[in-house]
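# Breakdown of the fold
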Amino acid sequence: MSTLPAVSRAWHLVARPHGWPKAEDFALRETPLAAPAEGRILVKNLHFSVDPYMRGRMNDVKSYTPPFQLDQPMDGGAVGVVVASNAEGFAEGDHVLHGLGWRDYADVPAQHAKKVDPNLAPLSTYLGVLGMPGLTAYAGLLEVASFKEGDAVFVSGAAGAVGSQVGQIAKLKGASRVIGSAGSDEKVKLLVEEYGFDAAFNYKNGDVAGQLKAAAPEGIDVYFDNVGGDHLEAAISRLNVHGRITVCGLISQYNATEPPAAPRNLAMIIGKRLRMQGMLVMDHQDMAPQFIQEVGGWIASGELKYRETFVEGVENGVDAFLGVLRGDNTGKMIVSVK
């Protein structure tokens with residue numbers, strides 16, 4: 001332990017945000033480090049994840065995952081290297097995936113760490129395309145939305161970590177048409193030219209419903225929702241009979257302080273016999289081996305492409321998180337720890 005620092009820097013939530021989070025809602029604090037106790041490992045984090053769902057954990061409400069506690073280190077997905085081990089099966093130099101991000105060093109219970117191989121794929125991919133967002137896309141499309149060959153698919157937030165993978169998996173599985181929405185002309189170009197979407201539009205350039213109608217003149221069969229609001233309303237109007245909606249995220253509402261104005265057409269769910277289902281990736285861990293095998297193969301062959309946006313330095317973790325909420329990232333947003 002003599003070569004290790006005496007402290008770890010960790011981000012704490014110090015105030016619960018009202019609306020958009022502010023820098024002063026967070027504090028980067030030093031916490032003491034000691035040799036790991038029995039059954040624990042000390043990990044030097046190399047990358048940690050910042051994700052839209054973390055905004056919900058900043059509210060003091062009961063949910064599917066406990067809220068962040070005030071004046072305590074925040075957590076989330078991370079990959080790193082073991083620098084000290086007091087646990088059978090883990091040795092110094094092993095690379096691991098675990099849940100204690102938002103810090104530069106993590107004291108991790110060994111049962112909550114999983115070895116990963118940096119020779120199979122870059123470590124950062126275990127937080128994105130081969131990690132939780134990737135499995136979310138895979139299970140949300142194939143299992144929750146019951147995707148079948150020939151379906152027309154619309155994905156909102158399509159240039160993000162989840163959405164970009166949903167659209168590509170749909171194409172690889174035989175979708176008749178894949179449409180995406182994104183927040184910049186550059187992202188729209190990426191969706192069509194690199195990810196192979198049949199059509200895409202910039203939701204900031206005009207009415208979402210009108211742009212979706214033009215992109216999907218024959219309607220859609222599946223809507224993968226990362227946004228909610230006017231995107232969900234537009235999708236309901238374009239869904240064909242027996243269409244399915246996977247509700248993965250509602251980023252348009254995460255920082256809202258007033259109820260949303262849309263959707264106003266939920267009654268159409270009845271006449272069209274639509275199925276709308278929320279999803280949590282933790283319910284689909286049984287699909288992980290199949291997901292890794294199939295998606296890993298597509299990545300190796302070049303059939304599935306991915307982007308990552310890196311922010312350097314643990315001290316810039318909050319800036320990276322706020323960037324995700326603003327849509328600054330293309331693909332997975334990752335904080336690389338110096």
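All residue numbers refer to positions counted from 1 along the written sequence of the respective chain. At least 70 in pLDDT is required for a residue's local features to be given in this predicted model, at least 80 for side-chain atom pairs to be given and counted, and no such filter applies to totals for whole chains, interfaces and linings, which use all residues. Heavy atoms from the whole structure form the basis of all side-chain values; hydrogens and water molecules are not counted.

### Remarks on the overall build of the protein chain
The secondary structure listing takes helices from DSSP runs of H or I that are at least 4 residues long and strands from runs of E that are at least 2 residues long, numbered from the N terminus. Helix and strand counts for the protein chain stand at eight helices and 15 strands. C-alpha atoms define the radius of gyration in this analysis, and the globule rule sets the expected value at 2.2 Å times the number of residues to the power 0.38. Since a compact globule built from 338 residues should have a radius of gyration of about 20 Å, the 20 Å found for the protein chain is in line with a globular shape. Expressed along its principal axes, the backbone C-alpha trace of the protein chain runs to roughly 65 × 45 × 35 Å. The buried share of the protein chain, taken over its 338 residues, is 52%. Carbon together with sulfur atoms contributes 52% to the accessible area of the protein chain, which is approximately 14900 Å² in total. None of His or the chain ends enter the tally, which takes Lys and Arg as positive and Asp and Glu as negative. All charge positions are set by atom: Lys at NZ, Arg at CZ, Asp at CG, Glu at CD. Side chains of the protein chain give 31 positive and 38 negative charges; the mean places of these two sets differ by 5 Å. Accessibility here uses a 1.4 Å probe with only protein chains present; expressed as a share of the type maximum, an area under 20% marks a residue as buried, one over 50% as exposed, and anything in between as partly exposed. Here the Shrake-Rupley method, with its probe set to 1.4 Å, supplies the accessible areas, and only the displayed protein chains count as covering residues.

### Here we look at the UniProt feature "domain: Enoyl reductase (ER)" (unreviewed entry) in the protein chain
UniProt positions are given in the numbering used here, feature names are shortened, and annotations may be inferred rather than shown by experiment. As annotated in UniProt, the feature "domain: Enoyl reductase (ER)" (unreviewed entry) corresponds to residues 22-335 in the numbering used here. The annotated region residues 22-335 carries 25% helix and 25% strand content, and the separation between its end C-alpha atoms amounts to 18 Å.

### Brief notes about empty space enclosed by the protein
If a probe the size of a water molecule is rolled over the atoms, the empty space left behind becomes visible. Within this scheme a cavity is a closed region of a 1 Å grid, computed over the protein atoms alone, that accommodates a 1.4 Å probe without allowing it to escape, whereas a pocket is open but has protein on both sides within 12 Å along at least five of seven lines; lining residues each have an atom within 4 Å of a point. Grid points are joined across faces, edges and corners, and a volume is the space filled by probe spheres set on the points. In total, this model carries one cavity of 30 Å³ or more according to the counting rule given. Empty space within the largest cavity amounts to approximately 70 Å³. Lining of the largest cavity is provided by Gly-128, Val-129, Ala-161, Ser-164, Gln-165, Leu-304, Lys-305, Tyr-306, Arg-307, Glu-308 and Lys-332.

### Regarding the packing of helix 1 (residues 132-144) against helix 2 (residues 161-172)
The axes used here are C-alpha line fits, helices contributing only the stretch in contact, and every angle between their N-to-C directions lies in the interval 0 to 180 degrees. With their axes 8 Å apart at the nearest point, helix 1 and helix 2 run at an angle of 45° to one another. One way to sum up the angle between helix 1 and helix 2 is to call them oblique. The chirality of how helix 1 crosses helix 2 is right-handed. Contacts between helix 1 and helix 2 pair Pro-133, Gly-134, Thr-136, Ala-137, Tyr-138, Leu-141 and Leu-142 from the former with Ala-161, Val-162, Gln-165, Val-166, Ile-169 and Ala-170 from the latter. In this classification, the charged set is Asp, Glu, Lys and Arg, the nonpolar set is Ala, Val, Leu, Ile, Met, Phe, Trp, Tyr, Cys and Pro, and all remaining amino acids, among them Gly, are polar. In terms of residue class, the contact of helix 1 with helix 2 is built from 10 nonpolar, three polar and no charged. Under this scheme an angle from 65 to 115 degrees is roughly perpendicular, one under 35 degrees roughly parallel, and one over 145 degrees roughly antiparallel; angles in between are oblique. Crossing chirality is assigned from the near helix's rotation relative to the far helix, an anticlockwise turn below a right angle marking it left-handed and a clockwise turn marking it right-handed. Whether two residues are in contact is decided by their heavy atoms: any pair within 4.5 Å suffices.

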